[in-house]
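Working through the structure, step by step
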Amino acid sequence: DGTRTPVTREPYTFTSFPESLKKKVTLLKHFKSHLMEQQTPLQDARVEEKQKRIEGSPDSNMVYVKKWVRTRHAILFRL
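In this convention, every chain numbers its residues from 1, walking through the sequence in written order. Thresholds applied to this predicted model are a pLDDT of at least 70 for local features of residues and 80 or more for the giving and counting of side-chain atom pairs; totals over whole chains, interfaces and linings are not thresholded and use all residues. To get the side-chain values, all heavy atoms of the structure are used, and hydrogens and water are removed first.

On to a nonpolar patch on the surface, then. Surface patches are drawn from residues lacking salt bridges whose relative accessible area is over 30%; two like charges belong together within 9 Å, two nonpolar side chains (Val, Leu, Ile, Met, Phe, Trp, Tyr) within 5 Å. Every accessible area reported is derived by Shrake-Rupley at a probe size of 1.4 Å, with residue values counting cover from the shown protein chains alone. Salt bridge, as used here: a side-chain nitrogen of Lys or Arg that lies within 4 Å of a carboxyl oxygen of Asp or Glu. A contiguous nonpolar patch, built from Phe-14, Leu-28, Val-65, Trp-68, Phe-77 and Leu-79 and spanning about 530 Å² of accessible area, is present on the exposed surface. Along the polypeptide, Val-65 turns up in the loop between α2 (41-55) and β1 (67-70). Runs of H or I in DSSP of at least four residues are treated as helices and runs of E of at least two as strands, each being numbered from the N terminus.

As structure tokens, this is what we get:
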């Protein structure tokens, strides 16, 4: 019939989330760890500063991963 169900977004943290999201959170933690390993010390400081700003933002600005794919040279995310 062409109608779509609206997407409901709810904010969660890596330490507080429903059991139904456990696999997705585990995957996000894996990617976060991988990305953190690739950073330089200067990038670390910038990430920490940005994270502090994000934590105070309203959930209406949430970005979430719809799909992802990993290749030998990159990890691509569809937001």
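Once that is clear, we can look at a positive patch on the surface. In this tally, Lys and Arg are treated as positive and Asp and Glu as negative; His is ignored, and so are the chain termini. The atom standing in for a charge is NZ when the residue is Lys, CZ when it is Arg, CG when it is Asp and CD when it is Glu. Taken together, the side chains of Arg-4, Lys-66, Lys-67 and Arg-78 define a basic patch exposed on the protein surface. Residue placement: Lys-66 occurs in the loop between α2 and β1.

A pair of Phe, Tyr and Trp rings is counted when the ring centres sit within 6.5 Å of each other, with Trp represented by its six-membered ring. The angle between the planes then sorts it: under 30 degrees is stacked, over 60 is edge-to-face, the rest tilted. On inspection of all chains with the given rule, the structure shows two aromatic pairs. Their ring planes at 70 degrees and their centres at 5.0 Å tell us that Phe-31 and Trp-68 sit as a pair that is edge-to-face. Of this pair, Phe-31 sits in helix α1 (residues 22-37) while Trp-68 is found in strand β1, placing the two residues 37 residues apart along the sequence. For every residue, the accessible area (1.4 Å probe, protein chains only) is compared with the maximum for its type, and the residue is labelled buried under 20%, exposed over 50%, or partly exposed between those bounds. Exposure remark for Trp-68: the relative accessible area of 41% places this residue in the partly exposed category. A ring pair is formed by Phe-31 and Phe-77, whose centres lie 5.4 Å apart and whose planes are at 85 degrees; its orientation type is edge-to-face. Of this pair, Phe-31 sits in helix α1 while Phe-77 sits in strand β2 (residues 75-78); the two residues are 46 residues apart in sequence, bridging distant segments of the chain.

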